[in-house]
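If you want the building blocks of each chain, they are given just below.
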Amino acid sequence: MSKHHPTIWISVWIFLAVLFIFWFGLYFSAEENKTSVSFDDMRISRTLAEQRLVNNVKPNGGFVYRYDPIIDKSPDTNNELRQLMATRVLGELAREDSSLYNLHRRNMEYVFDRFYVSSGDIARIEHSKKSKLWAIAMAVRALVASPFADEYTSETLQLAETMLRLQQPDGSFRAWWIAPTYAYDEDYLLTFYSWEAIL
């Protein structure tokens with residue numbers, strides 16, 4: 001039998017009760033503040049995003065990256081990466097819905113007419129006198145996702161060859177085919193450029 005004074009046991013039980021009440025309050029407070037997102041919510045969000053993408057292809061085939069309703073125009077902040085990411089998604093949608101074929105074809109023509117440059121057995125994606133690994137890799141991903149991938153076999157192979165030439169003997173990549181004139185942190189860029197190339 002314990003020789004401890006009864007007030008110690010009472011103190012221990014009070015401490016445990018307070019701890020339990022505190023934990024219980026935290027748990028239910030957190031539960032009340034949770035925002036639950038259902039699969040239906042996600043489907044609705046995806047459908048709206050897809051509609052926005054499809055509705056924002058301009059007559060020339062390019063995507064509206066951003067629209068400013070105050071000045072009623074799109075600011076000139078677009079680039080090849082933003083176009084190619086949207087092109088890849090539109091290609092995936094066109095694979096599922098053939099009614100998007102013409103829209104996707106017009107977009108592919110826009111992107112490849114403006115950014116694709118070939119030279120012998122290699123090719124690059126060029127914008128503002130620069131060509132980056134990420135853009136080249138994203139173009140390959142867009143081509144592979146397209147229902148017209150077979151029509152772009154030579155472009156895909158040329159871009160893939162450029163990516164291989166950007167790969168170093170140790171397996172790492174160089175970030176640029178045509179580097180910019182400004183200073184940059186190549187290691188930082190490769191934290192995400194490399195993943196696109198690997199994918």
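Residues numbered from 1 in each chain as written. Predicted model: local features only at pLDDT ≥ 70, side-chain atom pairs only at ≥ 80, totals over all residues. Heavy atoms only, no water.

## Thoughts on the overall build of the protein chain
Going by this rule: Strands are runs of DSSP state E lasting at least two residues, helices are runs of H or I lasting at least four, and both sets are numbered from the N terminus onward. Burial here depends on accessible area, computed with a 1.4 Å probe over protein chains only, as a share of the maximum for the residue type. Under 20% is buried, over 50% is exposed, and the range in between is partly exposed.
Each helix and strand in the protein chain was counted, giving seven helices and four strands. Counting from the amino terminus, the protein chain carries its helices and strands in the arrangement α-α-α-α-β-β-β-α-α-β-α. Residue burial in the protein chain is summarised as follows: out of 199 residues, 34% are buried.

## A closer look at helix 4 (residues 101–115)
To keep things clear, this is the line we draw: To estimate how far a helix should extend, the number of its residues minus one is multiplied by 1.5 Å.
When the terminal C-alpha atoms of helix 4 are compared, their 21 Å separation across 15 residues agrees well with the 21 Å that a helix rising 1.5 Å per residue should span. Among the residues of helix 4, those classed as buried are L103, H104, N107, M108, Y110, V111, F112 and F115.

## What to know about the nonpolar core
Put simply, the rule reads: By convention a nonpolar core is built from buried Ala, Val, Leu, Ile, Met, Phe, Trp, Tyr and Cys residues, the set being connected through side-chain atoms within 4.5 Å. By definition, residues are in contact when any of their heavy atoms lie within 4.5 Å.
In terms of nonpolar packing, the biggest core is built from 29 residues, with L84, F112, I125 and L159 touching the most fellow members. Going through the elements one at a time, helix 3 (80–96), helix 4, strand 2 (122–125), helix 5 (133–145), helix 6 (153–166) and helix 7 (186–198) are the ones with two or more residues in this core. When residues in this core are grouped by element, the largest group, nine residues, is from helix 5. What I125 contacts, discounting residues up to four positions off in sequence, is E80, L84, F115, Y116, K130, S131, K132, A135, I136, A139 and L159. Core analysis: the next-biggest nonpolar cluster, separate from the first, contains nine residues, V57, F63, A86 and L100 among them.

## Considering the side chain of T156
Here T156 lies in helix 6. Aside from chain neighbours lying at most four places away, what touches T156 is V140 and L143.

## Some words on the layout of surface pockets
Formally: Any residue with an atom within 4 Å of a point lines the site, the site being either a cavity, points on a 1 Å grid over the protein atoms alone where a 1.4 Å probe fits but cannot get out, or a pocket, an open set with protein on both sides within 12 Å along at least 5 of 7 lines. Grid points are joined across faces, edges and corners, and a volume is the space filled by probe spheres set on the points.
The volume enclosed by the largest pocket comes to roughly 160 Å³. Of all elements in the fold, only helix 2 (39–55) and helix 3 reach the threshold of two or more residues within the lining of the largest pocket. Considering each element in turn, the lining of the largest pocket owes the most residues, four residues, to helix 3.

## A short note on helix 5
The terminal C-alpha atoms of helix 5 lie 18 Å apart, and with 13 residues this matches the ideal 18 Å at 1.5 Å per residue to within 8%. Judged by how many residues are buried, helix 5 sits mostly within the fold: 11 of 13 residues are covered. Among all positions of helix 5, only L133, W134, A135, I136, A137, M138, A139, V140, A142, L143 and A145 are buried.

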